[in-house]
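Structural overview for review
The residues making up each chain are set out below.
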Amino acid sequence: MKPSPVDLIHPQLAAFAAVLEEGSFDVAARRLSVTPSAVSQRIKALEDRLGQVLVVRQAPCRPTPAGEQLLRRVRPMQALEAEALADFLPEESAAASARSIAIAVNDDSLETWFVVALSQLHRQYGYLFDVRVDDQDHTLDLLRDGSVLGAVTAEATPLQGCNVHALGTMRYRAIASPEFAARYFAAGVEAAAFARAPMIVFNRKDALQWRFVRRITRARLAPPVHYLPTSSGFVEAAARGLGWCLAPESLIAPALQSKTIVILDPKRWLDVPLYWQHAAVRSSTLQQISQTLREAAASALRA
């Protein structure tokens, strides 16, 4: 077995984080260059020391509530460890930088501006990323439970122990094919039309379309619904007459130009402010990520 990499974090904490990141004792053991038995013993010793069960031992392994609380503390420590290794042991910094940085983001940002920022960060600093995708109203849950180091979220109030930066506003327009609009919305964008027209929703967490309907109609309707978990596919689905949906302005421009879709009501839209929240530690890694995300978002989102 190859020599273990240099770790500044206590071996018990390193084993704990590795198991939850990899989802398996065996894979964590390979990453740490130790045996699965050693990983198990380290986590058991950590649990005995803290008097709490930290890991649910199933496939994949996941944290208990106590494990989530601990993981939230360990994530920033890993970033600081990598920076310290780069300062004092440059020969070890490559191994540390090979650990991916876990970030949560909503799919619409991932499809529009987020990859631009990641590619710039990788080119400039060599960072690797573990991107977790969820609705912007739920990405903060991944930061709260320690799964990620930072999150693009619709929540402006910072979590305890976190910093928050405004990124800008993503504007959503209600779109459909011309034929669909003529069939269902010929009399206007009103409650009776929304009640009959099939609606395209990303998943069961996606509340954007419902919020748009309630804002216009003040009614709670039960229209036919397609669930389609792809942001870029929304535009094509609408163009092909599958239903109506909300889509970011930047994604719909080509289809508008080709006239395969229309905006149902040019005078109405839904604005979603986005924020970047991350652990509040003095980390150059987090500062670089935050600055690059803010610059990329500024070029794609509304102020």
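Residues numbered from 1 in each chain as written. Predicted model: local features only at pLDDT ≥ 70, side-chain atom pairs only at ≥ 80, totals over all residues. Heavy atoms only, no water.

Let us look at the packing of aromatic side chains. Within the structure shown, the criterion is met by 10 aromatic pairs. Pairing Phe194 with Phe212 gives two aromatic rings, centres 6.3 Å apart and planes at 90°, and the pair type is edge-to-face. Of this pair, Phe194 sits in helix H9 (residues 191-196) while Phe212 is found in helix H10 (residues 208-217), placing the two residues 18 residues apart along the sequence. For Phe212, a relative accessible area of 1% corresponds to the buried category. Relative to Trp244, the ring of Phe212 lies with its centre 6.1 Å away and its plane at 50°, an arrangement referred to as tilted. Note that Phe212 is positioned in helix H10 and Trp244 in the loop between helix H11 (231-239) and strand S9 (245-248), a separation of 32 residues in sequence. (Phe/Tyr/Trp six-rings, centres within 6.5 Å; stacked < 30°, edge-to-face > 60°. Helix = DSSP H or I, 4+ residues; strand = E, 2+ residues; numbered from the N terminus. Buried < 20%, exposed > 50% of the residue type's maximum accessible area, 1.4 Å probe, protein only.)

Between helix H1 (residues 11-22) and helix H4 (residues 65-88), the least distance of the axes is 10 Å, while the angle of their chain directions is 105°. Relative to H4, the element H1 lies roughly perpendicular. Residues Leu13, Phe16, Ala17, Leu20 and Glu21 of H1 lie in contact with H4, whose contacting residues are Gly67, Leu70, Leu71, Val74, Arg75, Met77 and Gln78. (Axes fitted to C-alpha atoms, helices over the stretch in contact; angles between N-to-C directions. Parallel < 35°, antiparallel > 145°, perpendicular 65-115°, else oblique. Contact = heavy atoms within 4.5 Å.)

What follows deals with the UniProt feature "domain: HTH lysR-type" (unreviewed entry) in the protein chain. Feature annotation in UniProt places "domain: HTH lysR-type" (unreviewed entry) on residues 12-64, given in this structure's numbering. Structurally, residues 12-64 comprises 64% helix and 8% strand, and the distance from its first C-alpha atom to its last is 16 Å. (UniProt positions renumbered as here; feature names shortened; annotations may be inferred.)

For the structure on display, the rule yields 2 cavities of 30 Å³ or more. Here the largest cavity is characterised by a volume of approximately 160 Å³. Of all the elements in the fold, those that place two or more residues in the lining of the largest cavity are helix H6 (107-125), H10, H11 and S9. Top contributing element to the lining of the largest cavity by residue count: S9, with 3 residues. Considered class by class, the residues forming the lining of the largest cavity number 8 nonpolar, 6 polar and 5 charged. (1 Å grid on protein atoms, 1.4 Å probe; cavity = no way out; pocket = protein on both sides within 12 Å on 5 of 7 lines; lining within 4 Å. Points joined across faces, edges and corners; volume = space filled by probe spheres on them. Nonpolar A, V, L, I, M, F, W, Y, C, P; charged D, E, K, R; others polar.)

The next point concerns helix H12 (residues 249-257). Helical geometry note: an α-helix holds 3.6 residues per turn, so side chains three or four residues apart project in the same direction. Among all positions of H12, only Leu251, Ile252 and Ala255 are buried. Looking straight down H12, one finds that the buried residues subtend no more than 80° of arc, so they occupy a single side. Those residues of H12 that are exposed and aimed more than 90 degrees away from the buried face are Pro254 and Gln257. If you follow the buried residues of H12, they end up packed against H6, strand S6 (162-176), H11, S9 and strand S10 (262-263). In the stretch just after H12, Lys259 is the one whose phi turns positive, near 65°. (Arc of directions from axis to C-beta.)

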